[in-house]
Amino acid sequence: MPSIYFTVEITFIIQKSTQVVIKEGVLLDVASLDVYSIEIKDEGRLVFNQGHDINIKTRGIFVKNYGQLVIGSDTCRHTDNVHIQLEGTRTIDRKSLGPEGEKFIAVTDNGSLQIHGEDRVAWTKLSGTVERFNASAENVYYRHLDTSNAELKTAQDGFGVHILDADLEFLSYDVFNMPLTVSRVNRGMLKMANKLNEVEMGQVVSISLQNRWYRPEGGDYADFYKIIEELVGMEEGELLLRKQTEFDAFSLLFVVGGSYDQSLDHQIGKREAEAKSSLIYNNKKITAVSHVRPYRNQNSYVDLRVLNPDVGFPEIMVTHDIRSWRAGDEILFTSTDYAFDHGEVRTIKEITGEKSFTITHELNYRHFGEIESGVDMRGEVALLSRNIKISGVMQRGCPEENENCDNKPKHTDTYGGHIKIFDSFHSVVIQGAEMFFMGQTIDEGFYPIHFHMCKNITGKTAVVKRNSIHHTYRRAITIHGTFGTSVEAPGVQLTENVAYWTLGHSFFLEDGAESATILRRNLGAETRNVNNDFVTDRSKATTYWITNPKTVMIDNVAAGSEGFGMWYTFPLEPVGMSKGLAYKYEEAKHTALWTFDNNVVHSNEKGGLNFDFILQDDDGHIAACMRYETRQDPFDENSPGVKVQLNRLTAYKNLDINVWLRGGWFELYQLSSAESKKGLQLARGSTQSMYVTKSIFVGRSEGNSEDSSYPGGITPTEQGQILGTVFHDGPTYFKSCWFTGFDNDDTYISGAIGFAPKQKSESSVVSSVSDMRFGFIDGEGGNRVFDGLVDNSIQGIGEFNVDESATFQDADGSVTRCPLDSEWKGPVQLVKPGVHALTDKCVYRDNWNMAVCNDRYGKVSVQPKGFFPGTTLNNFDQSGQMRRRSFDDDTEIYVEDATNQKQPEYMVMLGRDEYYYEFQYTEEFPRIVRLLGFGVEKNRSVVVGACLPEDVTKDDFKVFIKTPDDIEFGADQMKYVDTMEEVASDTSMRKLYFKDRMVYFRLSSKKVRNEHWDRSDNDHCPGAFCPRVVIHTYKKMKYTPCFTTTDEQMSNSKVMESVEDLDCTLPASEPESDWGARDTLASEDGSWGQWSGWSECCNEAGGDVVERTRYRLCDDPAPRGSGADCSGESIQKGPCPYGCAVDGELSGWSGYSDCYCDGNAVGSTGVRKKIQECVGVANGGKYCKGDVVRYAICRNKCGTRGDDAVDGVLSQWSEWTDCFCDGIAEGSRGASTRTRTCEGTANYGDFCAGTFESVRHCDADCVPDQ
């Protein structure tokens, strides 16, 4: 490669204002370069030389027009330090260098960006719990924050000075105030200097900055610095305080006449700064701390600790070989409790073994490191330091031009650097780099790494791997309008990246067009809300924001956010600039997710995994209820469903809920859930059902439940309930699941299986469970079921405190285990213990507040659908009552009351011919009301009556009915009968009985519900359609209830024997070894899968291309845990052996031939023939489809037709031939033919007329790869 060396002499010529243009090969061989901009184009290459560190400052770097920026390669990693600092300020004209803005690296127009830093372990997990700093007497000999001096002048600016004697006994603590004016600063420095002059040999002194030190112009600080340097024994100029600016943290610790340590932490670009310095003296560890939070004096502090050295330098044990890490590296410990921001950054002191190291300072929080009860709750430990650094150069405080100084984060410059890859880039690989102070909070489109509208990148390399991206002001990695076509031909590939302390959604798929994005083993932590134009960034900042179902998610971790860990939300079609790309309208909502395997979500405030809502626009507005319903063909509503399997998800310590899904034919397989108010809640999004198999649910763990109050635990004010799984509307089905840790105490009410509090939807009567196991004895060590409280004794449970008709089926008795009737063959139904739902086939479980019944139940849903003027759904009172009556005993009346419920559902017994039900509203009757019978099927029907307005006649209303057989009966097809018995025996649903304002009908079906496990159509009713009755009233009439009720009729007191009377103990049991996700780092080396086919030798415009590409993935299997990646090429490129494929066209029919008699015409009066051919097919194009040979009759050519003439008959078509490549098929992918003949012609009968040969395209891969 031709090279030009930047030398020391040339740096005198290059000025700050120089705009460097590189059009040939340049080897960068200088220690520093400070220029206005760098443009690499016209096949120019800028290659960073090895051998010494390099620092670059610039406002922007362009890589375009086949230019290349190269720092190392995949096979020769760059091992020296590189720091690219991006400068610039936010001005009115924020795009002075072009659309890229300022502070950027931009890649476009066939440019290539190749960054290959050292290959180091990106992150690992703890292999044992790391306890937080223990301030016990045996560990702590002195701690400033535990003394009364800690409150001394904490709001003042200046320095706190501690003096200890040689035995480390406390002597004095003074605060030297140095506020804003020169005179006051000078007085403070003088007082402090005088104090320091009093210290004696062997004494220990700490100097820690408190709040800030503002040095006004005109002050003379040189003598002050010199006094400290001489006292400490430093060389002149060595004191880091000389480099301190207004809000930086600074600490200095020294032994007079002995050793010293100092630390300076710049606040620029961060919310706060913390400096720590440490010494070992007299076999004790001494640590001085300066913690500065600008403009928040109450959050700033200084500290001095004298510690037992055994706790002062904690040794950390991890799961991976981390010998690629070094002393001095910064590492992140993720939060393992409920607080998203309890992650901690520390510095490695020493690598002590293959999987162990010590850190320079103790930890403030406990970091759990165990797999307990099948849930891997080991905290992550991530490397933040890299040898290649890319950062924005930040200003002090918050410049006014940022226009966001009153928003989060306050008082901070949020105009960071950014890397932007545009359409037509050639290749991008960024690996082994550290990026910080990147992204721009206010302005859209400027993110740390941003693939912007690159569209279809099949055939290109776009890899971001093993990078550290932290302290950013807008996201970490954004994929926008950039996509691939398949797993083998992917879009952007994100692997083993660490994102920490990011504002707004972190790993961000923007508009919904980002198909074939691969996310593998990435880690995101401390994702923070931020005020900007993207709505969900403000209150629900999410670590992984996924807007396209064709996304691969394997081994990723979301370890702390103010919103959700992972959020799947699809638009109906791509929004914003991506509209029209990648997929069509409503395709996403009918497309099955690609791989979701072994992901982890923990310590997120809103929830762990959230699958719901529709993305409405590119501003992040969302609409409720994603109606996700997968199909094999997304555009065919009759196409079979496709199961979406979410494999081995681990979710713990997510405050509100671990997993919320609105589906969709989902199966949660080997889920591990622990430590959340609600472990799992599945909501109905379509007629497809959802399943949970081989999963583990832990309420409170033994090892990771250290704290009893937020953020270490759940407070009563945050709801006071812990539920393993929550039945929502459903139906949902559970099989082979294990629950443990669901016992009550003074703070929590717990249940392994429960029902959603404060919800307005009600559980499905056909949801069921089987093969359930529990790690506790019911009633002693926990509750298998919890129905929701019947009062408001626990805070946070309000008006909709319980599901009033809570229910599910215990299909095999594994939950209830107390058969009441040995003859009973159906599932056991759990119901609320209201008298309306109970019979002598029920028993009561006191600790569940549920009844266990050997009966089949359904629900009648009452839904107002039309209103008279002045009334809407919002102001219509849906309060009502349903009473159960007996045909045999008119006094046996039990009532279910639904007050202030939205579309209430009333429990009814099915197939019990002795009962019927009557419904009434309590306040008014709507113009139109619909009643649906959930759970109704063949031989399980119910008779229901509806109370109509006063003085109503048959002419004032009409009844319409639609059956599960999809038969709709209009009002003129309904038949009124004279007795209730006729309605009760009706199988057609067409009979009505009207008496005393009550109209009665029968909800029934001739079909049987599909109850097979693992089907998309296990809905409430057969064929996903429940019988429904619609009542229209044609004028508004006075309405009063038809019946009154007594307290006894509505009692919720138990009216059956207690289960305790049956001596039915529910024992503890253990799960199978393959239940739950368990070890999320189980190691396995990767192995290559098969090569894909070659890419087309034709571009989108129909022009020939010179080079083609094929791919293979390291996925057979993919590497897992500490397993090795595949070695070798993942992409191969080669010359195209041919041009664009050209499809064949039929030539058009020839004219008919002359009439002839021989050949196949023998015995006939004659025949004529015409043909057409497939022409023009080439380079693997499609062969033609159509008829190619036809015959027509001609007479008196071969002989005269006699009385005994026999006309020919066309035979059946032959089978299509196997696909062939030679002969007529040459040049195509393949062709197939079929023929038929004219049979039986004799004595000059007529020959057959019609088509005798057809052809069609098929694929035999006739065009060779080489």
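Residues numbered from 1 in each chain as written. Predicted model: local features only at pLDDT ≥ 70, side-chain atom pairs only at ≥ 80, totals over all residues. Heavy atoms only, no water.

**Comments concerning the overall build of the chain**
Secondary structure summary: the chain contains six helices and 88 strands in total. By principal-axis analysis of the C-alpha atoms, the chain measures approximately 135 × 95 × 60 Å. A total of 1266 residues make up the chain; the buried ones form 60% of that total. For the chain, the computed accessible surface area is about 48,900 Å², with 45% contributed by carbon and sulfur atoms. The centroid of the 133 positive side-chain charges in the chain is displaced by 3 Å from the centroid of its 187 negative side-chain charges. (Helix = DSSP H or I, 4+ residues; strand = E, 2+ residues; numbered from the N terminus. Buried < 20%, exposed > 50% of the residue type's maximum accessible area, 1.4 Å probe, protein only. Areas by Shrake-Rupley, 256 points an atom, 1.4 Å probe, with all protein chains shown as cover. Lys, Arg positive; Asp, Glu negative; His and termini not counted. Charge placed at Lys NZ, Arg CZ, Asp CG, Glu CD.)

**Some words on the state of the cysteines**
According to the stated counting rule, one finds 10 disulfides in the structure shown. Residue Cys1157 pairs covalently with Cys1198 via a disulfide, S to S 1.8 Å. Judged by the sign of its S-S torsion, about -100°, the bond between Cys1157 and Cys1198 is left-handed. In this pair, Cys1157 is assigned in the loop between strand 81 (1145-1146) and strand 82 (1167-1171) and Cys1198 in the loop between strand 84 (1186-1193) and strand 85 (1209-1210), connecting sequence segments 41 residues apart. What pairs with Cys1174 in a disulfide is Cys1184, and their sulfur atoms sit 2.1 Å apart. For the disulfide bridge between Cys1174 and Cys1184, the dihedral angle about the S-S bond is near 80°, and by the sign convention the bridge is right-handed. A residue pair is termed long-range when its members are at least 10 positions apart, and Cys1174 in strand 83 (residues 1174-1175) and Cys1184 in the loop between strand 83 and strand 84 qualify at 10 residues. As far as burial versus exposure is concerned, Cys1174 and Cys1184 are alike and both buried. (Disulfide = S-S within 2.5 Å.)

**A short note on the nonpolar core**
As a rule of thumb, soluble globular proteins bury nonpolar side chains together. In this structure, Ile38, Phe48, Ile419, Ile449 and Phe451 are the most contacted members of the largest nonpolar core, which totals 108 residues. With near-sequence residues (within four places) excluded, Phe451 lies in contact with Ile421, Val428, Ala462, Val464, Thr478, Ile479, His480, Thr482 and Val492. Membership of the second largest hydrophobic core comes to 65 residues, among which are Trp665, Val908, Ala946 and Phe994. (Core = buried A, V, L, I, M, F, W, Y, C linked by side-chain atoms within 4.5 Å. Contact = heavy atoms within 4.5 Å.)

**Observations regarding the sheet that holds strand 13 (residues 140-143)**
Spatial ordering of the open sheet is given by 13-21-20-19, a layout of four strands whose pairing is antiparallel. Strands with a single pairing partner mark the edges of an open sheet, and in this sheet they are strand 13 and strand 19 (273-281). Strand-to-strand twist in this sheet, taken as the mean axis angle between neighbours without regard to direction, amounts to 15°. Taken together, the three bridges between strand 13 and strand 21 (residues 301-307) define a ladder with antiparallel strand orientation. Paired with Val140 across the bridge in strand 21 is Leu307. (Pairing = 2+ DSSP bridges. Axes fitted to C-alpha atoms, helices over the stretch in contact; angles between N-to-C directions.)

**Focus: the environment of Arg120**
Along the chain, the position of Arg120 falls in the loop between strand 11 (112-116) and strand 12 (123-125). Judged by relative accessible area, Arg120 falls into the buried class, the value being 4%. C-alpha separation for the pair Arg120 and Ser385, spaced 265 residues apart in sequence, amounts to 9.9 Å. Once you skip the residues sitting within four places of it in the chain, Arg120 turns out to touch Ser324, Trp325, Arg326, Asp329, Leu383, Ser385, Arg386 and Arg466. Of the polar contacts made by the side chain of Arg120, one reaches the side chain of Asp329; its length is 2.3 Å. (Polar contact = N/O pair within 3.5 Å; in protein donor to acceptor, adjacent residues only side chain to side chain.)

**So, unusual backbone geometry**
For the bond from Gly663 to Gly664, the omega torsion is 5°, close enough to zero to count as cis. Relative to the assigned elements, Gly664 resides in the loop between strand 52 (659-663) and strand 53 (666-669). Look at the link from Gly730 to Pro731: it is a cis peptide, with omega at 10°. With respect to the secondary-structure elements, Pro731 resides in the loop between strand 57 (721-727) and strand 58 (732-740). One non-glycine residue, Cys625, lies in positive phi territory at about 65°. Topologically, Cys625 is positioned in the loop between strand 49 (622-623) and strand 50 (644-647).

**Brief notes about helix 3 (residues 222-232)**
Those residues of helix 3 that fall on the buried side of the exposure criterion are Phe224, Tyr225, Ile228, Glu229 and Val232. Looking straight down helix 3, one finds its buried side chains confined to an arc of 130°; they lie on one side. The exposed set on the far side of helix 3, more than 90 degrees from its buried face, consists of Asp223 and Glu230. Buried residues along helix 3 sit against helix 2 (182-196), strand 17 (249-255) and strand 18 (260-265). Just beyond helix 3, the residue with positive phi is Gly233, at close to 95°. (Arc of directions from axis to C-beta.)

**Thoughts on the pattern of salt bridges**
Tallying each qualifying case throughout the model produces 60 salt bridges. Note that Asp74 and Arg77 form a salt bridge whose closest N and O atoms lie 3.5 Å from each other. Among the salt bridges present, the one from Glu1072 reaches Arg773, with a minimum N-O distance of 2.8 Å. Here Arg773 lies in strand 60 (residues 768-774) and Glu1072 lies in the loop between strand 78 (1028-1033) and strand 79 (1107-1111), a separation of 299 residues in the sequence. Assessed through its relative accessible area of 37%, Glu1072 is described here as partly exposed. On the accessibility criterion, Arg773 (18% relative accessible area) is buried. Through salt bridges with shared partners, a single network forms among Arg143, Asp146, Lys285, Asp303, Arg305 and Glu362. (Salt bridge = Lys/Arg side-chain N within 4 Å of Asp/Glu carboxyl O.)

**Some points on the packing of aromatic side chains**
For any two aromatic rings, the description comes down to two numbers: the centre-to-centre distance and the angle of the planes. Using the criterion set out here, one finds 44 aromatic pairs in the structure. Ring geometry for Phe534 and Trp545: centres 5.7 Å apart, planes at 80°, overall edge-to-face. Of the two residues, Phe534 is situated in the loop between strand 41 (523-528) and helix 5 (535-539) and Trp545 in strand 42 (residues 544-546); the sequence distance between them amounts to 11 residues. Considered together, Phe534 and Trp545 belong to a single accessibility category, that of buried residues. Each ring, one from Phe564 and one from Trp567, has its centre 5.0 Å from the other, and the planes form 70°; the classification is edge-to-face. (Phe/Tyr/Trp six-rings, centres within 6.5 Å; stacked < 30°, edge-to-face > 60°.)

**Some details on the sheet that holds strand 28 (residues 380-383)**
Consider a sheet: its strands pair through backbone hydrogen bonds, and that pairing is either parallel or antiparallel. Pairing within the open sheet is antiparallel, and its six strands lie in the order 12-28-23-24-25-22. The open sheet is flanked by strand 12 and strand 22 (315-317), the only strands paired with a single partner. Across the sheet, the mean angle from the axis of one strand to that of its neighbour is 40°, orientation sign disregarded. As judged from the three bridges shared by strand 22 and strand 25 (residues 356-359), these two strands associate in the antiparallel manner. Bridge pairing in strand 25 links Glu315 to Thr358.

**Quick look at empty space enclosed by the protein**
Scanning all chains against the criterion turns up six cavities of 30 Å³ or more. What lines the largest cavity is Phe887, Met909, Gly911, Arg912, Asp913, Tyr915, Tyr917, Ser941, Val942, Val943, Ala984 and Arg1002. Of all the secondary structure elements, the ones that give two or more residues to the lining of the largest cavity are strand 70 (915-921) and strand 72 (942-947). When grouped by side-chain class, the residues that make up the lining of the largest cavity number seven nonpolar, two polar and three charged. What the second largest cavity holds in volume is close to 60 Å³. (1 Å grid on protein atoms, 1.4 Å probe; cavity = no way out; pocket = protein on both sides within 12 Å on 5 of 7 lines; lining within 4 Å. Points joined across faces, edges and corners; volume = space filled by probe spheres on them. Nonpolar A, V, L, I, M, F, W, Y, C, P; charged D, E, K, R; others polar.)

**Concerning the packing of helix 2 against helix 3**
Contact geometry of helix 2 with helix 3 gives a least axis separation of 10 Å together with a crossing angle of 15°. The angle between the axes of helix 2 and helix 3 places the two elements in the roughly parallel class. Note on packing geometry: the crossing formed by helix 2 with helix 3 is left-handed. Contacts between helix 2 and helix 3 involve Met189, Met192, Ala193 and Leu196 from the first element and Phe224, Ile227, Ile228 and Leu231 from the second. (Parallel < 35°, antiparallel > 145°, perpendicular 65-115°, else oblique. Left-handed = near helix turned anticlockwise from the far one by under 90°.)

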